[in-house]
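# Coordinate inspection notes
Each chain, written out:
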Amino acid sequence: MIINTPDYSISDHVSLDENNGEFNTSPAVYEPAEDTFLMLDVLELDLEQVVKTRLSKTNIGSSDKCGPLLVIELGSGFGILTAAISKALSDSLSSYAVGAHCIAVDMNPTACLKTIMTCKLNGVDVDAVRGDLLTWMRRPGTTDVNNDPNKEVFGPIDILLFNPPYVRGPKGELAPTPRVTKIDTNDQAKYQKQVAVEDAAWLGGGPDGVDVLKRALHQAADLLSEFGVFYALMIDYNYDALVRDEMQARRDRSDQNIYYDDLNNIELTTFGSSPASRPLICTRILSRNIIGERLAVYRIYRPLDFD
Amino acid sequence: MKLLTHNLLSSKSLKGVKVGYPLRIVAKDVKISECEFNKEFVKKIIPKLDWKVFVNAAVEIGQTSDLSDELIEDYEDDDDYLKKVHHLLMEVEIINGELICPETDRVFPISAGIPNLLLNENEVS
């Protein structure tokens, strides 16, 4: 399956419809770069297979198409990935899926608008939500009082995409806490600081660059559908940190099962709030050396039942 | 923002909120834009929806429809019914307005079609 790079415009003209004085100019949006294109290549390599062999497991009766699929991208920036996947699912994959509802999430309101514009440019219609990862989403089972704690809970998300801020801060900064700061336009110093934080969209991954990704993994473990997949981009030391934390967690609970014989695969057992949940498998799909960095995209998912 | 997205939103992350669902809607501007009726999509999205929340949301934003609180049984073969659902789910868009937490009345503004669900640091549970 071919995924074409979506059209996008790097023009700064974004109309902001914020009348509450929160912004008087648009904060910068992270422009598509090598990491974005690596994610696109992963979709080209892996998406068709995932739709055909995993997501189609939910097909009921005679129906031979899966879906509608709920697709969510975190930190959508320009919206390249959302536009590409939305187009692929309504286009080349339409014989396998009945369609998709795509939601792009970003903390930066300009990025939300950019995403909508990029999608329009490519003839696809998506919704954008200004929010912090998946904190705005309804939790599965919250309205069900007869919840069985031993029953695995699944969420609604079929495909989750995240190209997170993966770089260590120069001083090992923690990820900036997401918040809305009311900015007094007379207070230039404060305003500059806010812009600086928003500009550094690629920074702030915490000491290992994975703080934000780990928060996303906790939420994703509860919100992925049974056969859902989470594509996440990591730099080499992000993955090392995930492996280190997993090993530590197993030692802490005297789990004898400490091994991993394949450097491209690890079972993550510490994410999610339901003790009944199966661990998530994290598998490397594609990696690439770019100047000074080694990037890889992983697919994170629950193993299929083989019984 | 479409009602399909509203069906997934919650204010559960606010401090002290137990369920935070559904968010009430106050719509100031609503836009209707036609899109192709995909029967299979609508048929298969219905079981995934919180139906009552969807029907109430449509009423809240002033889209009078004769959809009742109870989903009819044989909707799969009822094209007129599916088209109504399609219209409300996919073609009606809230451009400006507010979402309101059912427990705390915290307001989340919707502007340019984008709901702002970011919380302040001191609001997070």
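Residues numbered from 1 in each chain as written. Chains lettered and ligands numbered in written order. Predicted model: local features only at pLDDT ≥ 70, side-chain atom pairs only at ≥ 80, totals over all residues. Heavy atoms only, no water.

- Looking up chain B in an unreviewed UniProt entry gives the name Multifunctional methyltransferase subunit TRM112-like protein, with the organism given as Macrosiphum euphorbiae.
- Looking at chain B in UniProt, the text filed under Sequence similarities (unreviewed entry) is "Belongs to the TRM112 family." (UniProt positions renumbered as here; feature names shortened; annotations may be inferred.)

- The name an unreviewed UniProt entry gives chain A is Methyltransferase small domain-containing protein, with Acyrthosiphon pisum as the organism.
- A UniProt comment under Sequence similarities (unreviewed entry) is attached to chain A, and it reads "Belongs to the eukaryotic/archaeal PrmC-related family."

### Considerations on the pairing of strand β3 (residues 107-111) of chain B
Residues and elements named next belong to chain B.
- Sheet topology note: the strand β2 (residues 92-100)/β3 ladder contains 4 bridges and is antiparallel. When the sheet's bridge partners are listed, I100 is paired in β3 with V107.
- From the end of β2 to the start of β3, which pair antiparallel, there are 6 residues, and D105 there has a positive phi angle of about 65 degrees.
- Two elements, β3 and strand β4 (residues 114-115), share 2 bridges in a ladder whose sense is antiparallel. Its bridge partner lying in β4, I110 is registered against P115.
- Taking the residues that link successive antiparallel strands as the turn, the β3-β4 hairpin has 2 residues, and the phi of A112 there is positive, at about 50 degrees. (Pairing = 2+ DSSP bridges. Helix = DSSP H or I, 4+ residues; strand = E, 2+ residues; numbered from the N terminus.)

### A look at the environment of S56(A)
- By secondary structure assignment, the location of S56(A) is in the loop between α1 (34-53) and β1 (69-74).
- Residues S56(A) and I2(A), 54 residues apart in the sequence, show an inter-C-alpha distance of 20 Å.

### Side note on the confidence of the model for chain A
All names here are of chain A.
- Of all residues in chain A, 74% have pLDDT values of 70 or greater, and the mean over the chain is 81.
- Below a pLDDT of 50 lies the segment residues 174-185, which in the model reaches 32 contacts outside its immediate sequence neighbourhood of four places, other chains included.
- For the stretch residues 195-202, pLDDT sits under 50, and the model shows 12 contacts to residues farther than four places along the chain or on other chains. (pLDDT = per-residue confidence, 0-100. Contact = heavy atoms within 4.5 Å.)

### A word on the sheet that holds strand β2 (residues 100-106) of chain A
All names here are of chain A.
- If you trace the 8 strands from one edge of the open sheet to the other, you get β3-β2-β1-β4-β5-β8-β7-β6, paired in mixed fashion. Since the sheet does not close on itself, it has two edges, and those belong to β3 (127-130) and β6 (265-268), each with one partner. Strand-to-strand, the axes of this sheet are offset by a mean angle of 20 degrees, without reference to chain direction.
- Pairing of strand β7 (residues 280-290) with strand β8 (residues 293-301) involves 9 bridges; the strand directions are antiparallel. Of the residues in β8, the one forming a bridge with S287 is A296.
- The strands that α1 touches are β4 (157-162), β5 (224-235), β7 and β8; relative to β7, the one it contacts most, it runs at about 135 degrees.
- Sheet strands in contact with helix α2 (residues 80-90) are β1, β2 and β4, and its direction is about 165 degrees off that of β1. (Axes fitted to C-alpha atoms, helices over the stretch in contact; angles between N-to-C directions.)

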